[in-house]
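What follows is the residue order along each chain.
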Amino acid sequence: MVNQLLFQAPLRAITHQSGQTTTYPETTATLTASTLSWGENGINQVLSLEDVVGASDLSEPVGINHNINHPYRFVIHAYPLGEKRWGFLFRQRTRVLQEYQFACTDKTAVATWITAIRNILQGLPPNAPPQPPRRLGVIINPASGKKKAGRMFNQVRSLLDQSHCQLTITETTGINDGNLRDRGLDISAIDALVVVGGDGTIHEVINRLANDADRLAIQKIPLGVIPAGTGNGLCQSLLAISGELYSPINAAFLIAKGRYKPLDIGIVEQANRRYYSFLALSWGLVSDVDIESDNFRFLGALKNDIYALIRLIFLRIYPGKISFVLHDSEEPDQWQMIEGDFILFWAMNVPWATYNLKPAPKACLDDGANDMIIIRRGSAKFQLILAFLLAADGSHTSLPNVEYYKVQRFRLEPLNNQGILAVDGERIDCQPIEVVMSRGIARVFC
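Criteria and thresholds
- Residues numbered from 1 in each chain as written.
- Predicted model: local features only at pLDDT ≥ 70, side-chain atom pairs only at ≥ 80, totals over all residues.
- Heavy atoms only, no water.
- Helix = DSSP H or I, 4+ residues; strand = E, 2+ residues; numbered from the N terminus.
- Buried < 20%, exposed > 50% of the residue type's maximum accessible area, 1.4 Å probe, protein only.
- Contact = heavy atoms within 4.5 Å.
- Areas by Shrake-Rupley, 256 points an atom, 1.4 Å probe, with all protein chains shown as cover.
- Lys, Arg positive; Asp, Glu negative; His and termini not counted.
- Charge placed at Lys NZ, Arg CZ, Asp CG, Glu CD.
- Salt bridge = Lys/Arg side-chain N within 4 Å of Asp/Glu carboxyl O.
- Patch = residues over 30% accessible without salt bridge, like charges linked within 9 Å, V, L, I, M, F, W, Y side chains within 5 Å.
- Core = buried A, V, L, I, M, F, W, Y, C linked by side-chain atoms within 4.5 Å.
- Axes fitted to C-alpha atoms, helices over the stretch in contact; angles between N-to-C directions.
- Parallel < 35°, antiparallel > 145°, perpendicular 65-115°, else oblique.
- Left-handed = near helix turned anticlockwise from the far one by under 90°.
- Expected span 1.5 Å × (residues − 1).
- Arc of directions from axis to C-beta.
- Polar contact = N/O pair within 3.5 Å; in protein donor to acceptor, adjacent residues only side chain to side chain.
- Nonpolar A, V, L, I, M, F, W, Y, C, P; charged D, E, K, R; others polar.
- Pairing = 2+ DSSP bridges.
- Phe/Tyr/Trp six-rings, centres within 6.5 Å; stacked < 30°, edge-to-face > 60°.
- Lys NZ or Arg CZ within 6 Å of the ring centre and 35° of its normal.

Draft legend 1. Up close: the overall build of the chain. In terms of regular secondary structure, the chain is built from nine helices and 24 strands. Overall, the chain is about 80 × 50 × 45 Å in size when its C-alpha atoms are taken along their principal axes. Counting every position in the chain, which comprises 446 residues, the buried fraction comes to 52%. Of all intrachain contacts in the chain linking residues separated by at least 6 positions in sequence, the fraction that spans at least 24 positions is 68%. A total of about 20800 Å² of accessible surface is found on the chain, and carbon and sulfur atoms cover 50% of it. Seen as two clouds, the 42 positive and the 43 negative side-chain charges of the chain have centres 4 Å apart.

Draft legend 2. Expanded view of the pattern of salt bridges. As enumerated under the stated definition, the model contains 15 salt bridges in all. Among the ionic pairs, Lys-107 bridges to Asp-57, the shortest N-O distance being 3.2 Å. Within this pair, whereas Lys-107 is found in helix α1 (residues 107-121), its partner Asp-57 is found in strand β6 (residues 52-57), the two being separated by 50 residues in sequence. Under the relative-accessibility criterion, Lys-107 is labelled partly exposed at 46%. Glu-434 is the salt-bridge partner of Arg-411, the closest N and O atoms lying 3.0 Å from each other. Separated by 23 residues along the polypeptide, Arg-411 in strand β21 (residues 403-414) and Glu-434 in strand β24 (residues 433-445) bring together distant segments of the chain. Here the salt bridges share partners, and the residues they tie into one network are Asp-51, Arg-95 and Glu-244.

Draft legend 3. Unusual backbone geometry, seen in detail. Residue Lys-147 is not a glycine yet carries a positive backbone phi of 60 degrees. Mapped onto the fold, Lys-147 is located in the loop between β11 (134-140) and α2 (149-162). The backbone phi angle of Asp-328 is positive, close to 60 degrees, even though this residue is not glycine. If you trace the backbone, Asp-328 turns up in the loop between β18 (318-326) and β19 (336-348).

Draft legend 4. Geometry of a nonpolar patch on the surface. A grouping of Leu-302, Ile-306, Leu-309, Ile-310, Ile-313, Phe-314, Ile-385 and Leu-389 is seen on the molecular surface, where their side chains present a nonpolar patch of about 740 Å² in accessible area. At the level of secondary structure, the elements contributing two or more residues to the nonpolar patch comprise α8 (302-313) and α9 (381-390). Considering every element that reaches the nonpolar patch, the biggest residue donor is α8, with five residues. As for its position among the elements, Ile-385 is in helix α9.

Draft legend 5. Structural detail: the nonpolar core. By size, the foremost hydrophobic cluster in this structure holds 80 residues, and its most contacted members are Leu-159, Leu-193, Val-196, Ile-226, Ile-265 and Trp-346. Here this core takes seven residues from helix α6 (residues 248-257), the largest share from any one element.

Draft legend 6. Structural context of the packing of helix α7 (residues 285-292) against α8. Across the interface, α7 lies against α8 with an axial gap of 9 Å and an inter-helix angle of 130 degrees. Judged by the inter-axis angle, α7 sits oblique to α8. The two elements α7 and α8 meet at a crossing, and its hand is right-handed. Along the contact surface, α7 presents Leu-285, Asp-288, Val-289, Asp-290 and Glu-292, while α8 presents Lys-303, Asn-304, Tyr-307, Ala-308, Arg-311 and Leu-312.

Draft legend 7. α8, seen in detail. Between its terminal C-alpha atoms α8 stretches 17 Å, which fits the 16 Å expected from twelve residues at 1.5 Å a residue. All buried positions along α8 are accounted for by Lys-303, Asn-304, Tyr-307, Ala-308, Arg-311 and Leu-312. Buried residues in α8, looked at end-on, bunch into an arc of 155 degrees, giving them a common side.

Draft legend 8. View of the environment of Gln-408. For Gln-408, the position within the fold is in strand β21. A relative accessible area of 24% means that Gln-408 is categorised as partly exposed. Along the primary structure Gln-408 and Arg-95 are separated by 313 residues, whereas in three dimensions their C-alpha atoms are 37 Å apart. Apart from residues lying up to four places away in sequence, Gln-408 is in contact with Val-325, Leu-326, His-327, Asp-328, Ser-329, Gly-368, Val-435, Val-436 and Met-437.

Draft legend 9. Structural detail: the side chain of Gln-162. If you trace the backbone, Gln-162 turns up in helix α2. With a relative accessible area of 11%, Gln-162 lands in the buried category. At 2.7 Å, the side chain of Gln-162 and the side chain of Tyr-79 are in polar contact. Those residues in contact with Gln-162, other than ones at most four positions away along the chain, are Val-53, Gly-54, Ala-55, His-77, Tyr-79, Leu-97 and Glu-99.

Draft legend 10. Just the packing of α2 against α6, in detail. The contact between α2 and α6 brings their axes to 9 Å, and the two run at 35 degrees. Considering only the axes of α2 and α6, their crossing is right-handed. Every residue of α6 that contacts α2 at Met-152, Gln-155, Val-156, Leu-159 and Leu-160 is listed here: Pro-248, Ile-249, Ala-252, Phe-253, Ile-255 and Ala-256. Among the residues making up the contact of α2 with α6, the classes are represented as ten nonpolar, one polar and no charged.

Draft legend 11. Up close: the pairing of strand β20 (residues 370-376). In terms of burial, β20 is largely enclosed, as six of its seven residues are buried. Sheet analysis places β19 next to β20, joined by six bridges and oriented antiparallel. Looking at the pairing, Met-348 lines up with Asp-371 of β20. Direction of pairing for β20 relative to β21: antiparallel, over a ladder of five bridges. Residue pairing in the sheet places Met-372 in a bridge with Tyr-405 of β21.

Draft legend 12. Expanded view of the packing of aromatic side chains. Counted under the stated rule, the structure contains eleven aromatic pairs. Centroid distance Trp-38 to Tyr-100: 5.9 Å. Interplanar angle 70 degrees. Geometry classified as edge-to-face. Here Trp-38, found in strand β4 (residues 35-40), pairs with Tyr-100, found in strand β10 (residues 98-103); they are 62 residues apart in sequence, far enough to count as distant. The burial state of Trp-38 is the same as that of Tyr-100; both residues are buried. Site record: aromatic cluster; members linked through ring pairs are Phe-7, Trp-38, Phe-74, Tyr-100, Phe-102 and Trp-113. Above the ring of Phe-253, the side-chain terminus of Arg-95 is found at 4.0 Å from the ring centroid. For Lys-362, the ring lying beneath its charged end belongs to Tyr-404, and the centroid distance is 5.0 Å.

Encoded structure:
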């Protein structure tokens, strides 16, 4: 079915190289669900539609600048994997723009080709009516990370424009910015939401969607992420699951392709407050490092590494009680309990906590489970350092001092008020708390 012929029509390929433009003889080009193929001087060219984000009209109006040779043209925007160089030493594998121009006999033929390509990219028949642009609401948090979210978005905006999207851009004023509607963003008028910021910004957006007047907003609106924070754990998880390397352009590419997966959301109850968690709940060493290291934000993600070393040297102990129900247990109401002194507690919803730290290698986006990592008092400091080093690729779970559980719900009761409790990296009261997973109620581009 993938290679079945879906559309076929004549066109002329145009190439630009070394300042020269070449128009090849007319050929019959062919579209399948996965490829576009055409001829250039008898040589068959094949473009994978997996790399294509859209097509645009380049036809020129009749006038002083009218191109007599090929006035009716369109361009296909593709982002195959390439290599971006930074100086002589550093190279990064990422998606790089590559464009393909074609000429047609008239404007109608151009429109037919563009419609066919856009429809096939959306999984529609090529002869289906032209689809309206996808309406993306873009939330930019200029306070995220190193405060470069606006610059980061400008680097990837052209990719979204090329993918037949209509953008409504809103900037927040910082942390806890209030209701999305107060920022001028009409949830009912968008098809998807893009967050340009860190995991803290995503946490705010998800909690606003979950508490929106339209109670199904969180289920209706797919969420995309352009990483502009410090850790960017959700973005890295989405990229890794999609087989993409970590970079802003690759994150934008996922949004442009328009495919999404369900995402579990943890419903967090504490006293009379409710939170919605997409990433993690942490207590002990992990949350102390995450929150207290904010004074080192100028170091970027290194702030966590440096402060983690400090906290490992001056180790704290956290007494508490952890109760949980195992995921896929035959007795869903049977609670297990661990009480004692702990070094860290980490309940992850996705595999990656930051772009370079993978504490929950067995986590899935939509399995209805939290992956719970526990280290108890008694672990030697060299074992803790080894665990943090191995957490870069998830191999720390093989260590004897690391306990790993998949749970569908849990309760955490700190037995004193020392230490920090955090939801998605945001500090909350260090009081008893319960989390229940709600399976697949959100959607993310992936």
